[in-house]
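Each chain, written out:
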Amino acid sequence: MPVKILWYVQSADGPVPWTEDGVWANDLPRLRALAQGIDRAGFYGALLPTGPHEPLALAAALAPLTEHMRFLVALYPGLLSPAKLVDIASVIDNFSGGRLLFNVVNGHDAWLPEYGMFLPHDERYAYSAEYWDAFARRWADPGEGYEGKHIKLAARTFDIPLTYFPEKVQPRVPLWGAGGSPAGVAHAAQVVDSYLAFADLPDRLGGKFREVAGIAAGLGRSLSFGTRFQVIVRDTEEEAWAYAQSLLERTPYAKAVELSAYKAGPGWLDRDQDTDDPRALRCVDALRAGRLPDVQDLVVHPNVWLGPSVFGFDVFGPGAGTWLVGTPAQVAERINEYAAHGTESFILSGWPLLQEALRFGRDVLPLLDVDHGFEVRPYDGSSDAELLAAFPEVDDPSVPGGRRTPAAHR
Ligand SMILES: Cc1cc2nc3c(=O)[nH]c(=O)nc-3n(C[C@H](O)[C@H](O)[C@H](O)COP(=O)(O)O)c2cc1C
């Protein structure tokens, strides 16, 4: 099955961005170079998550600097009126030639009140369904009003000639979206075109997708499916695992424990663990003994690794921070295995973002059967020097642009 491969654009970057001395801040020159690298390397697009560089604004800034890539903009429904979102999105749609997509995310009860959103978790999903209905109607007709439970928009009463509006390229903005809870799944089945779930084992992820597909089919809808991974691609398997090992070594113990609490909750190491999986228990024992787990104890499937990441460090199973580790052929084979279980889109990141995007574009994309809607020419490395000039040197010769050895620099 052909796949779509997306990359990732965010404010925090660097070789080990979950550590204090391995993180860089991205500014406009770097974000521009990153987007242009993603574009030239042939990715379908990039996910712009919620974060300090507001992703709608970022998409508007970067779209005219690129040609093919789509901007998958994460959005919490309700922070902008759907009518105002139509105004902004139609400019980006027009200026980018139809390359705007939304990633509908529900976020966390603790984060949203600062933006004025006080609805609790499940109610936000119900609100979102109405929000996107209002958005779609206003997109189709810029004068139309809306009368919902939460959302009311007056119909236009003064006359603006239709020709003054930016011409919309897409008949509707495709909605991608996540949501693992029952309310999230019900919302996705009703609202999104492409359902995203964090990484899992290939068959379990396929099972989740079949469950969501079944609920959507009951509503007469058909969805596509995607997931999210981080990647380490090196010329040999030994180099790839040596790099994974170096990421573990560069993660301070206290940081590893902090990241592990993202999912398991604070103080989880002191509690009894509800698992009899010897692999996971060896990881728990290591952390209790004050050290990081062995690199191999974090492998849960060929080339699938639970290493530390910006998104957490979950030693029990795959999730937000899971990695694919291997040679270009192995990573392509793994992507194809996930594709055989129903995953059609892969949102990937390696660190630093640009350096690893260029490598992936050069070494892995040509091995995949991609459906990107444009001709993907193999990336030949010719933009490396120009694009990497905006970034610090990386202390690893196996990373494009890297000039020193990790050992000499650690
Ligand atoms: C691929 C992917 C990307 C996500 N991006 C974001 C994001 O940018 N911002 C955010 O707050 N949550 C993001 N989420 C998390 C979702 O908002 C949501 O919390 C998660 O899917 C859990 O859903 P649930 O609350 O229904 O269990 C993302 C989830 C996935 C699978």
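Residues numbered from 1 in each chain as written. Predicted model: local features only at pLDDT ≥ 70, side-chain atom pairs only at ≥ 80, totals over all residues.

- As recorded in an unreviewed UniProt entry, the protein chain goes by Alkanesulfonate monooxygenase and comes from Actinacidiphila paucisporea.

### Thoughts on the domain arrangement of the protein chain
Working step 1: Annotation of the protein chain at the domain level lists domain 1 (4-234 + 327-409) and domain 2 (239-317).
Working step 2: On a C-alpha basis, the centroid separation for the pair domain 1 and domain 2 is 27 Å.
Working step 3: Each partner contributes residues to the interface: domain 1 has 17 residues there, and domain 2 has 18 residues.
Working step 4: Only β11 (224-233) and α10 (328-340) provide two or more residues apiece to the side of domain 1 that touches domain 2.
Working step 5: Class assignment for the residues of the side of domain 1 that touches domain 2 results in nine nonpolar, six polar and two charged. (Domains from an automatic or database assignment. Contact = placed C-beta atoms within 7 Å. Helix = DSSP H or I, 4+ residues; strand = E, 2+ residues; numbered from the N terminus. Nonpolar A, V, L, I, M, F, W, Y, C, P; charged D, E, K, R; others polar.)

### Details of the UniProt feature "domain: Luciferase-like" (unreviewed entry) in the protein chain
Working step 1: Mapped onto the present numbering, the UniProt feature "domain: Luciferase-like" (unreviewed entry) falls at residues 23-343.
Working step 2: Along residues 23-343 the backbone is 41% helical and 15% strand, and the end-to-end C-alpha distance reaches 31 Å. (UniProt positions renumbered as here; feature names shortened; annotations may be inferred.)

### Some words on the packing of helix α3 (residues 82-96) against helix α4 (residues 121-140)
Two quantities define a packed helix pair, namely the angle between the axes and the distance from one axis to the other.
Working step 1: Their axes nearest at 9 Å, the elements α3 and α4 cross at an angle of 50°. The orientation of α3 relative to α4 falls into the category oblique. Both α3 and α4 take part in a crossing whose hand is right-handed. Listed contacts from α4 to Pro82, Ala83, Leu85 and Val86 of α3 are Tyr131, Ala134, Phe135, Arg138 and Trp139.
Working step 2: Looking at side-chain class alone, the contact of α3 with α4 contains eight nonpolar, no polar and one charged residues. (Axes fitted to C-alpha atoms, helices over the stretch in contact; angles between N-to-C directions. Parallel < 35°, antiparallel > 145°, perpendicular 65-115°, else oblique. Left-handed = near helix turned anticlockwise from the far one by under 90°.)

### Observations concerning helix α1 (residues 28-41)
Working step 1: Here α1 spans 20 Å end to end across 14 residues, near enough to the 20 Å set by a 1.5 Å rise per residue.
Working step 2: Most of α1 is tucked away, with 10 of its 14 residues classed as buried.
Working step 3: Contact partners of the buried residues in α1: β1 (4-8), β4 (45-48), α2 (55-62), α11 (353-363) and α12 (384-388).
Working step 4: Phi for Gly42, located one or two positions after α1, is positive at around 95°. (Expected span 1.5 Å × (residues − 1). Buried ≥ 20, exposed ≤ 12 C-beta atoms within 10 Å, placed from the backbone.)

### A look at the site of the ligand
Working step 1: The immediate surroundings of the ligand are formed by 16 residues, with Pro49, Val105, Ala178, Ser181 and Gly184 found nearest.
Working step 2: Top contributing element to the shell around the ligand by residue count: strand β10 (residues 194-198), with three residues.
Working step 3: The residue makeup of the shell around the ligand, split by class, is eight nonpolar, seven polar and one charged. (Near = placed C-beta within 6 Å.)

### What to know about unusual backbone geometry
Working step 1: With an omega of -5°, the peptide bond between Trp351 and Pro352 qualifies as cis.
Working step 2: Unusually for a residue other than glycine, Asn303 sits at a positive phi of about 70°.
Working step 3: Counting through the fold element by element, Asn303 comes out in the loop between β12 (299-301) and β13 (304-305).
Working step 4: Here Asn303 falls in the buried class, since 21 other C-beta atoms lie within 10 Å of it.

### Observations concerning the pairing of β10
Working step 1: Looking at chain direction, strand β9 (residues 175-177) and β10 are connected through two bridges and run parallel. Bridging from a neighbouring strand, Trp176 pairs with Ser194 of β10.
Working step 2: Taken together, β9, helix α5 (residues 182-191) and β10 form a β-α-β motif whose crossover is right-handed.
Working step 3: In this sheet, β11 lies alongside β10 in parallel orientation, the contact comprising five bridges. Bridging from a neighbouring strand, Leu196 pairs with Gly226 of β11. (Pairing = 2+ DSSP bridges. Right-handed = clockwise from strand over helix to strand, strands pointing away.)

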